[in-house]
Amino acid sequence: MEKKTEALTPKETIRQGRIQKLTELADKGICPYPYTFDKTADAQELQDKYKDLAAGEETQDVYSVAGRIMAMRNTGMFIDLQDSSGKIQIFCHKENMPVEMVKMLKLVDIGDIVGFTGTIRRTPRGELSIKATTYTLLSKALLSLPEKFHGLTDVETKYRQRYVDLIVNKETRDTFKKRSLIISKIREFLANKGYLEVETPILQTVASGANARPFTTHHNALDMGMTMRIALELYLKRLIVGGVSERVYEIGKCFRNEGIDTRHNPEFTMIELYQAYADYNDMMELTENMVAFVAQEVLGTTKIKYGENEIDLTPPWDRKTMLGAVQEYTGLDFNECFTAEEARKMADSVGVYVEEDDSWGKVIDKVFEEKVEPHLIQPIHITDYPLEISPLAKVHRDNPRLTERFETRVNGWEIANAFSELTDPIDQRSRFEAQAREKANGDEEAMELDDDFIEALEYGMPPTGGMGMGIDRLVMLLTDSQTIRDVIAFPTMKKLENN
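One numbering rule holds for all chains: residues counted from 1, following each sequence as written. In keeping with the predicted nature of the model, local features appear solely for residues at pLDDT of at least 70, side-chain atom pairs appear and are counted solely at 80 or more, and the whole-chain, interface and lining totals rest on all residues. Hydrogens and water are ignored here; the side-chain numbers use all heavy atoms of the structure.

Chemist: A description of the nonpolar core should follow, citing residues and the corresponding values.
Modeler: Generally speaking, nonpolar side chains in soluble globular proteins are found buried as a group. What we call a nonpolar core is a set of buried Ala, Val, Leu, Ile, Met, Phe, Trp, Tyr and Cys residues that are connected through their side-chain atoms within 4.5 Å. Each residue's exposure class comes from its accessible area (1.4 Å probe, protein chains only) as a fraction of the maximum for that residue type: buried when under 20%, exposed when over 50%, partly exposed otherwise. Counting 42 residues, the largest nonpolar core has I186, L190, L313, M467 and M469 as its most contacted members. Every helix listed is a DSSP run of H or I at least four residues long, and every strand listed is a run of E at least two residues long, numbered separately from the N terminus. Of the residues forming this core, the biggest block, nine residues, is contributed by helix α8 (residues 280-299). For this analysis, residues touch if any pair of their heavy atoms sits within 4.5 Å. Residues contacting M469, with those up to four places away along its chain left out, are T269, M270, I271, T287, M290, V291, I415, A416 and L474. Membership of the second largest hydrophobic core comes to 29 residues, among which are Y50, I69, A132 and Y135.

This is the structure in structure tokens:
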């Protein structure tokens, strides 16, 4: 009995057709994947240089351009070529190009990467073009580009196959170019302030510096467990102790084994910076000035639009205490509450659910998150957090129940977290031990005790202000991106099941 063959999918049919073209190219002695090409200009460079060239005017200026074919019209006579800078039209005609090369255009498809050489002209309709005299196939694409890029299925493709998204969506390319510029301008700002950029370990033996569940691994040669860092903090403070500089910072990846949503990805980019002989007031000023500088340099303004909101990043930014903000939006005065039990009852009175063992500080944090945070659209520093939820910050000089800590909120998000850093090694050990007890009681996000860090503090750390900021959230804000996946080139995705 004759075996029944399965029908090819449209994608497989296109791929088979293009593989056949590879065979035809080989028969003609043409390599579809050559080693190099002498490109002499970018598309946007030519658009800028010849912006005043009149319609119908030609030049004898010869250039070689290269990029991906995005459209072909009139059997290849007109081609839209896209490189990383932009697009330019290619004009292919037998009057300018050998007839055999014109015929060979039937083996070229949309999506192929091709180099063209020719002179500059502007068509009578006003389109700047390369009047090609020759071309070289640089990479034969075996898969076709999507005609449209929308809908649920394509959202999956957008993040799983970012390379396709980048090819077809200029907005995506612009976002990642802005991301690069944002990071560059942060570095410029800090360099001008005398900060030294440093690097610290990603693989660590103690998960500390933040309240988060770590990723764990095992080092075979040393036969020991290790974690991916959850924060940059403790090694940067060691560098302050060592005196490599009075101002240090690092931009680096951190990893937290937590959920995924519009503002969280397990792998993310942070900046942390530390300045000796400074406190959290200095960090507030530095934070708002840095963000405003970056916005002005990247966007040309400090007044931005995010979704439906107009946000003014011009310093100085508003400042409110955490307890003051809670009282403003709920009417609850936690200053008059002296036990955790009283605090839990107050939270219940405004409909905020808390755990039976939540401390005074944790209760306040939950009330703030639910009742206050969504209202904080314009940039604001929320200051003076409870001691129980701030294990790395100095006790507030005016109130022992609080710490000298602030979080910066914009559009209802936290974008920065900063302290007058705790430099007392005895107090720090006590705080770490309290965290260790919470971890033993089941809190997987509580910090671990880092003995080596405490020993570093015992050599003496100067008064220091420190600040950490999520780069991804800042990029979201400055590019009007609605999800963190839009600003991370390759976000974490659930593994697809094999068919």
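Having put the structure on the table, let's press on.
Chemist: Break down the side chain of D472 for me, citing the residues and quoting the values.
Modeler: Mapped onto the fold, D472 is located in helix α14 (residues 471-479). Classification of D472 by relative accessible area gives buried; the value is 3%. Between N or O atoms, a polar contact is any pair within 3.5 Å; within protein, one atom must be a potential hydrogen donor and the other a potential acceptor, and residues adjacent in sequence are included only when both atoms are from side chains. Side chain to side chain, D472 and R179 meet in a polar contact 2.8 Å long. Non-local contacts of D472, meaning those with residues more than four positions away in its chain, are made with R179, F268, T269, I484, V487 and I488.

Chemist: Let's hear about the pattern of salt bridges: which residues, and what values?
Modeler: Should the charged atoms of two oppositely charged side chains come close, the side chains can pair. Any carboxyl oxygen of Asp or Glu within 4 Å of a side-chain nitrogen of Lys or Arg constitutes a salt bridge here. Following the criterion strictly, the structure yields 36 salt bridges and no others. As a salt-bridge pair, K131 and E58 come within 2.8 Å of each other at their nearest N and O atoms. Remark: E58 occurs in strand β1 (residues 58-73) and K131 occurs in strand β5 (residues 128-139); sequence separation between them is 73 residues. Residue K131 is classed as buried on the basis of its relative accessible area of 17%. Exposure remark for E58: the relative accessible area of 41% places this residue in the partly exposed category. One salt bridge in this structure joins R409 and E407, with 2.1 Å as the shortest N-O distance.

Chemist: Give me the lowdown on the packing of helix α7 (residues 233-242) against helix α13 (residues 451-458), citing residues and values where you can.
Modeler: Between two packed helices, the angle of one axis relative to the other and the distance separating the axes together describe the packing. For every element, the axis is a line fit to its C-alpha atoms; helices are fit only across the contacting stretch, and the angle between N-to-C directions ranges from 0 to 180 degrees. Two elements in contact, α7 and α13, have axes whose closest approach is 9 Å; the angle formed by their N-to-C orientations is 25 degrees. Taken together, α7 and α13 sit at an angle that is classed as roughly parallel. As α7 runs across α13, the sense of the crossing is left-handed. Two secondary-structure elements touch here, α7 through L234, K237, R238 and V241 and α13 through D452, F453 and A456. Put simply, Ala, Val, Leu, Ile, Met, Phe, Trp, Tyr, Cys and Pro go in the nonpolar bin, Asp, Glu, Lys and Arg in the charged bin, and everything else, Gly too, in the polar bin. Looking at the contact of α7 with α13, its residues break down into four nonpolar, no polar and three charged. Small angles under 35 degrees read as roughly parallel and large ones over 145 as roughly antiparallel, with 65 to 115 read as roughly perpendicular and the rest as oblique. Definitions for this section: a left-handed crossing has its near helix turned counterclockwise from the far helix by less than a right angle. A right-handed crossing has that turn clockwise.

Chemist: Quick one: what's the story with the packing of aromatic side chains, residue by residue and with numbers?
Modeler: Stacked, edge-to-face and tilted labels apply to pairs of Phe, Tyr and Trp rings (six-membered ring for Trp) whose centres lie within 6.5 Å, assigned for plane angles under 30 degrees, over 60, and everything in between, in that order. Summed over the entire model, instances satisfying the criterion amount to six aromatic pairs. Between the aromatic rings of F189 and F293, the centroid separation amounts to 5.6 Å while the plane-to-plane angle is 45 degrees, which identifies the pairing as tilted. Here F293 lies in helix α8 and F189 lies in helix α6 (residues 170-192), a separation of 104 residues in the sequence. On the basis of relative accessibility, which here comes to 22%, the residue F293 falls in the partly exposed class. Whether a charge sits over a ring comes down to the Lys NZ or Arg CZ being within 6 Å of the ring centre and within 35 degrees of the ring normal. Over the face of the ring belonging to F91 we find R121, whose NZ or CZ atom lies 5.1 Å from the ring centre. Sitting above the plane of the Y235 ring, R238 keeps its charged end 4.3 Å from the centroid.

Chemist: Mind laying out the sheet that holds β5, listing which residues take part and the relevant values?
Modeler: Taken in spatial order, the five strands of this closed barrel run β1-β2-β3-β5-β4, and their pairing is mixed. Here the strands of the sheet are splayed against their neighbours by 50 degrees on average, with no regard to which way each runs. Pairing between two strands is assigned when DSSP locates at least 2 bridges connecting them. Pairing of β1 with strand β4 (residues 113-122), which is carried by eight bridges, proceeds in the antiparallel orientation. Considered in β4, the bridge of V65 is made with F116.

Chemist: Break down the pairing of strand β11 (residues 267-276) for me, citing the residues and quoting the values.
Modeler: Across a regular strand the side chains alternate sides, sitting on one face of the sheet and then on the other. β11 sits mainly inside the fold: nine of its ten residues count as buried. Of the pairings in the sheet, the one linking strand β10 (residues 247-255) to β11 comprises nine bridges and is antiparallel in character. Its bridge partner lying in β11, V248 is registered against Y274. Across seven bridges, the pairing between β11 and strand β20 (residues 464-470) is antiparallel. Paired with I271 across the bridge in β20 is M469.

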